[in-house]
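# Fold and contact review
Okay, here's what each chain looks like letter by letter:
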Amino acid sequence: MASFLPNALIQTPTPLSVLLDQFWEEKFTGLACTGQAGALRLQAIFYAGDVKAAYLISQDARPVRLDDKACAHHLTAFGALPGQTGKLPAYALRLIKLFTESAGDGDARQVDTADIVSMLPDWQSLGSPSLLSFHWPSADALMYLPGRGSYARHSVFVAGARAEQEIIPAIETWSEPTCKIIRHAPIAGTPGWHEYHLHLAFTAAASALMTRYEQFGGRPIITDLTNQMIELANLHDWNIGIVGNKVFERHLFPNDRQAARAYRALLSAILSHSEAVLGMPRTLAMVTAFYEQSEVLVREYLQGYDLVPLNHLAGGG
């Protein structure tokens, strides 16, 4: 499989060991790849100068995600080699992790660019989540589809230094006439998919709970809560944004455990604020209503990682 979005990267003669120092100084967020053509390659995902995920990639085997010790070893082992780098936003890097930790299901199609948008409902109707990759000679794109008729959640379109989060307008105006599209399915147990779905569950829960809270408490209450959440995020250097009642997580955590701790703390801030203002019964009712109306995947991750502690609100812990 392809190990990255080729049109997002540029070749550099600088050895990886030197790049690592530059990345740290610049607080680089993006992708770096190195290795010999046709041989073992190293792909590393950086956020704010730190490696957040790294993979060994070969032509005839699935990429292997490295733990911290193996990552440090291979960064040193590949240190003398030049490579390719590209600055990319955190939302794009999340999708690249899915891309790297996925299995192509053989559903590759060469299609006219003009027909892509009309074909999307076919993939949206599938019963399970998937990732679509789009490849033109001069551009690449990724799109996450939850399945079961739901619309695309996140996407990225990349052409050189250009990276766009909304890919439909980019596709509709792209001049290259044909595109190769591949559907990628999750591989059971891969951390990238767990981290991604955990991120989706958190942003869905935080945004929905803040909207419900405003309905009960009013806008001034939400303004006070927003200030508290931003203060908490800044204290821990979590890149969290809130616009209206919509919560955006622009951070990139190295694993699901660290992500879950952050999400749990932020959701607890919402619940504690609500409990102090509305009382426990109304807060519990608000959370229960959200659970009942949320998607199955969101509920599974909220419960599996105990992000919204219903038992605590109910007096059980």
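These numbers come from a predicted model, not from an experiment.

### Some remarks on the overall build of the chain
The helix and strand tally for the chain stands at 11 helices and 14 strands. The globule rule puts the C-alpha radius of gyration for 317 residues at 20 Å, and the 21 Å found for the chain is close to it. If you line up the chain on its principal axes, its C-alpha atoms span 60 × 45 × 30 Å. A burial count over the chain gives 51% of its 317 residues as buried. Intrachain contacts of the chain at a sequence separation of at least 6 include 65% that bridge at least 24 residues. With an accessible surface of roughly 14,500 Å², the chain has 54% of that area assigned to carbon and sulfur atoms. When the 24 basic and 30 acidic side-chain charges of the chain are each reduced to a single mean position, those positions are 3 Å apart.

### Here we look at the sheet that holds strand β5 (residues 61–65)
Read across the open sheet, the six strands follow the order β1-β6-β2-β3-β4-β5; overall the sheet is antiparallel. Edge strands, defined here as strands with exactly one partner in the open sheet, are β1 (10–12) and β5. The average undirected angle you get between the axes of adjacent strands in this sheet is 25 degrees. Of the strands in this sheet, β1, β2 (30–35), β3 (41–47), β4 (50–58) and β6 (83–87) touch helix α1 (residues 16–26), which is tilted by about 10 degrees from β3.

### As for the nonpolar core
Core analysis: the biggest nonpolar cluster contains 37 residues, and L267, L302 and L307 have the highest contact counts within it. Among the secondary structure elements, those contributing two or more residues to this core are α6 (191–217), α7 (219–235), β13 (240–243), α8 (256–278), α9 (280–293) and α10 (296–304). Beyond its immediate chain neighbours, meaning those up to four positions away, L307 contacts L198, A260, Y263, R264, L267, Y301 and L302. The next biggest cluster of nonpolar side chains, apart from the first, holds 27 residues, and it includes A8, L95, Y196 and L252.

### Some remarks on the pattern of salt bridges
Applying the stated rule across the entire model yields six salt bridges. Between R65 and E101 there is a salt bridge, with the nearest N and O atoms lying 2.9 Å from each other. Here E101 lies in the loop between α3 (90–100) and β7 (102–112) and R65 lies in strand β5, a separation of 36 residues in the sequence. Here E214 and R219 are joined by a salt bridge, their closest N and O atoms 3.4 Å apart. By relative accessible area, which is 33% here, R219 ends up partly exposed. Each of the salt bridges in this network shares a partner with another, and the network as a whole consists of R65, K97, E101 and E195.

Conventions we followed
All chains use their own residue numbering, which begins from 1 and follows the written sequence. Per-residue local features of the predicted model are confined to residues with pLDDT of at least 70, and side-chain atom pairs are confined, for both listing and counting, to 80 or more; whole-chain, interface and lining totals are unaffected and use all residues. Calculation of side-chain values draws on the structure's entire complement of heavy atoms; hydrogens and water are dropped beforehand. Labels follow the DSSP assignment, with helices taken as runs of H or I lasting at least four residues and strands as runs of E lasting at least two, numbered in each case from the N terminus. As a reference, a globule follows 2.2 Å times the number of residues to the power 0.38, and the radius of gyration itself is taken over C-alpha atoms. Burial here depends on accessible area, computed with a 1.4 Å probe over protein chains only, as a share of the maximum for the residue type. Under 20% is buried, over 50% is exposed, and the range in between is partly exposed. In what follows, a contact means two residues having at least one pair of non-hydrogen atoms within 4.5 Å. Methods summary: accessible areas were calculated by the Shrake-Rupley approach with a probe of 1.4 Å, and residue burial reflects only the protein chains presented. The sign given to each residue is positive for Lys and Arg and negative for Asp and Glu; His and the chain ends receive no count. To locate a charge, the coordinates of NZ of Lys, CZ of Arg, CG of Asp or CD of Glu are taken. Note on pairing: DSSP must find at least two bridges between two strands before they are called paired. Under this scheme, a helix contributes an axis fitted over its contacting stretch, all axes are lines through C-alpha atoms, and angles between N-to-C directions fall in the 0 to 180 degree range. Throughout, nonpolar core names a set of buried Ala, Val, Leu, Ile, Met, Phe, Trp, Tyr and Cys residues whose side chains join them through atoms within 4.5 Å. A pair is scored as a salt bridge if a Lys or Arg side-chain nitrogen falls within 4 Å of a carboxyl oxygen belonging to Asp or Glu.

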